[in-house]
Amino acid sequence: MLEDLILTVLMTSVPLVYAATGELIVERSGVLNLGVEGMMLMGAVSAFGIAMVSGSLVLGVIAGGLAGMLTAALFGILVLGFATNQVATGLALTIFGAGLSGLLGAPLIGHAIEGLPVLRIPFLSELPTVGKLVFSHDLMAYGAVILVAAVAYFLKRTRAGLVLRAIGDNHDSAHALGYSVLGVRFMAVLFGGLMAGFGGAYLPLMLTPHWAEGMTAGRGWIALALVVFASWMPWRVLVGALIFGGITIMQLAGQARGWTIPSQFLSMLPYLATIVVLVLISRNREFSLANSPACLGRAFHAGK
Amino acid sequence: MISLTPRKEIPLTLTLMTPLVAIALTLVVGAAIFGILGYDPLAALYQFFIAPVSRPYQVADLFVKACPLIIIASGLVFAYRANVWNIGAEGQLILGAMAAGFVALTWPNLPGPVMMPAMIIAGMLGGLAWGMIPALLKTRFNTNEILVSLMLTYVAVLFIDWTVRGPWRDPMSFGFPLTPMYADAALISRVELPGIGRLGQLHWGVAGALIFALAAWFMLSRSILGFQVKVMGDAPRAGRFAGFSPAMVTIMVMGISGGAAGLAGMVEVSANIGQLQPDISFGYGFTAIIVAFLARLNPLAVIIAGLVVALAELGGDSAQIALAMPKVVTGVFKGILLFMLLAGETFNRYHVTFSLPHRARMQGDSDA
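Being a predicted model, the structure only gives us computed values, none of them experimental.

What chain B contains, in helices and strands, is 14 helices and four strands. A compact globule built from 368 residues would reach a C-alpha radius of gyration of about 21 Å, and chain B, at 23 Å, matches this within 12%. Within chain B, the proportion of its 368 residues that are buried is 50%. By sequence separation, contacts in chain B at least 24 residues apart represent 76% of the contacts at least 6 residues apart.

Here it is as structure tokens:
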């Protein structure tokens, strides 16, 4: 029972890890993309549709990622090419993504598919407790951990990661040094879209085997909050996502056990927890802003 | 590559043309998307933008639909002008409706002249209180108002759901999640013209919305507060040197936009529904964001922008019925419209030129 509970917590946090890690890279390059929710929805509907038509979950996941990336490209062209307001453009992306995914997904409602094959590691997965908890997840769950490790390595240890951070911290200096500010930022935005698309794909393929309008239910926004919670450090995203996964599952478990608290209040928990966490992190300015990209949300154009 | 050169001055014609061009392009792109998805594009556009206003009384209904949008957007203009991003108007609307509903349901026997003002004040206070949470957390703890106001919207949706299923449910509602009907004094009446009669669903709240937008325009353009808001948005450093407090401005604009959203919630329930239920808003709080931008953050233009966006909302209903499109399709139009408006803003402020990337310079960089 407890093993199953922990397993569900881990699964619930996977989409958050993908979306938040993608957004972390975007923000580290100095761009604030508030359209995560829209990109996740586009990823979810495309993944479900392609997986259903092709019968291949792998193709579904790829389609989800590409759909998220295409949606992000739209954002990138506007925000980087036309120097539009990032907050408003991100909101537009969420509204657009929610609408288009609903339109595309209308014929998919009521269908169901099975989840990704679980990657069983021989011997290890048969160990009691540890085998179930550590070695018997789906491929995407392992991918999430590898992703965080790779992003952490990229930011901290590679030259390209250094350039990305430099552009996020001072785009004028980076430009003067000859780096293509807009080029790097566009790549970062595309990466963010790809990851949000993967995160979205996880929802209808793994968590609930069907598509529903607006099925992300604010996960894209929680992913944005996670980036703040993580104070722009990749490994902390993992910790934050597990906490949120735990809170989400706690309310379901509570309902199942017949807690007397009305279900609406239990459902509020992830949102209230987000606010509490934001307050706790933000009140300590030195901690929260130490790694915050200095140019976050500021438009750049070379002719300035 | 796209290169931008700031314009020295912005011609007035350009300022006026931008929203019109944005709307025209939205129609073209929207039609193309419908075509790709296998709908007849012309039929879709007809259902969206002509069918909802093809009869005279429907024009009156357009004003009814625009009413909450105009009220909310008039308030949001203050926040966005000051660079404070309140995107939780939907939640503030719900709390406003609940506060007004509390008055109507607790004291159903209040006489009309007391009831209406009490409900209006309660509605505004409800929205204001909900807006104060992100405002105070921002000024006190430096939290991000975008995320907090949005999270509070989810909380508000769940809160009203619990209230109308739990403590406020009408015992006579046969298990439906509804409160008792409001007393007549708590309802906003329909407009009735002598000799003509009723004009569709047109109610007096619409007149209130127009007055509210005018008042907002006056406050923004003629008052010290409006001046502070604009300075803090355009040049925060100059504002600080002038002694304006950023925290105070944040609190004021969140209060105004929250109060406006709360008022919209009160009007919507009292004029159209007559009791509280789980769904009292159809995303008006989010749609009003687009209205505010379409109006280029000018409360007078909010009236026209509100009508334009309301047309797309009604069009969504008619397309749903006539072409079996899902309701969310309006979101596609709204999203594209906002994209076009934001890009239009760039054409307004910059000379935009398109060119091929400079290959030579790139190579020089990598050699270095």
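Now that the structure is up, let's keep going.
Across chain B, the average pLDDT comes to 86, with 96% of residues at 70 or higher. Put simply, helix α14 (residues 359-367) of chain B is where chain B has its lowest mean pLDDT, 43, and helix α4 (residues 89-106) of chain B is where it has its highest, 94.

Right, let's get into the interface of chain B and chain A. Residue-level contacts link 44 residues of chain B with 43 residues of chain A. Elements with a contribution of two residues or more to the side of chain B that touches chain A: β1 (2-6), α5 (112-141), α6 (145-165), α11 (284-294) and α13 (329-349) of chain B. Residue contributions to the side of chain B that touches chain A peak at 13 residues, all from α13(B). Looking at the side of chain B that touches chain A residue by residue, the class counts come to 30 nonpolar, ten polar and four charged.

Next up on the list: the packing of helix α8 (residues 224-234) of chain B against helix α10 (residues 246-273) of chain B. Residues and elements named next belong to chain B. One can describe the packing of α8 onto α10 by two numbers: an axis separation of 10 Å at closest approach and a directional angle of 115°. Taken together, the axis directions place α8 and α10 in an arrangement best described as roughly perpendicular. Judged by the twist between their axes, the crossing of α8 over α10 is left-handed. Taken together, the residues of α10 that come into contact with α8 (itself represented by L225, Q228, V229 and M232) are P246, V249, M252 and V253.

Let's shift gears to α13(B). With 21 residues, α13(B) extends 31 Å from end C-alpha to end C-alpha; this agrees with the ideal 30 Å at 1.5 Å per step. Buried residues dominate α13(B), accounting for 18 of its 21 residues.

A rise of 1.5 Å per residue sets the reference length of α6(B), with its 21 residues, at 30 Å; its end C-alpha atoms lie 30 Å apart and thus fit the reference within 8%. Extensive coverage of α6(B) is indicated by the burial of 17 of its 21 residues.

A few words now on unusual backbone geometry. Positive phi is not limited to glycine here, since B:N142 has a value of about 65°. By secondary structure assignment, the location of B:N142 is in the loop between α5 and α6.

To continue, consider the pairing of strand β3 (residues 197-203) of chain B. Residue and element names in this part refer to chain B. Both strand β2 (residues 190-193) and β3 contribute to a ladder of three bridges, which runs antiparallel. Bridge pairing in β3 links L193 to G197. From the end of β2 to the start of β3, which pair antiparallel, there are three residues, and G195 there has a positive phi angle of about 90°.

About the criteria used
- Residues numbered from 1 in each chain as written.
- Chains lettered and ligands numbered in written order.
- Predicted model: local features only at pLDDT ≥ 70, side-chain atom pairs only at ≥ 80, totals over all residues.
- Helix = DSSP H or I, 4+ residues; strand = E, 2+ residues; numbered from the N terminus.
- Rg over C-alpha atoms; globule rule 2.2 N^0.38 Å.
- Buried ≥ 20, exposed ≤ 12 C-beta atoms within 10 Å, placed from the backbone.
- Contact = placed C-beta atoms within 7 Å.
- pLDDT = per-residue confidence, 0-100.
- Nonpolar A, V, L, I, M, F, W, Y, C, P; charged D, E, K, R; others polar.
- Axes fitted to C-alpha atoms, helices over the stretch in contact; angles between N-to-C directions.
- Parallel < 35°, antiparallel > 145°, perpendicular 65-115°, else oblique.
- Left-handed = near helix turned anticlockwise from the far one by under 90°.
- Expected span 1.5 Å × (residues − 1).
- Pairing = 2+ DSSP bridges.

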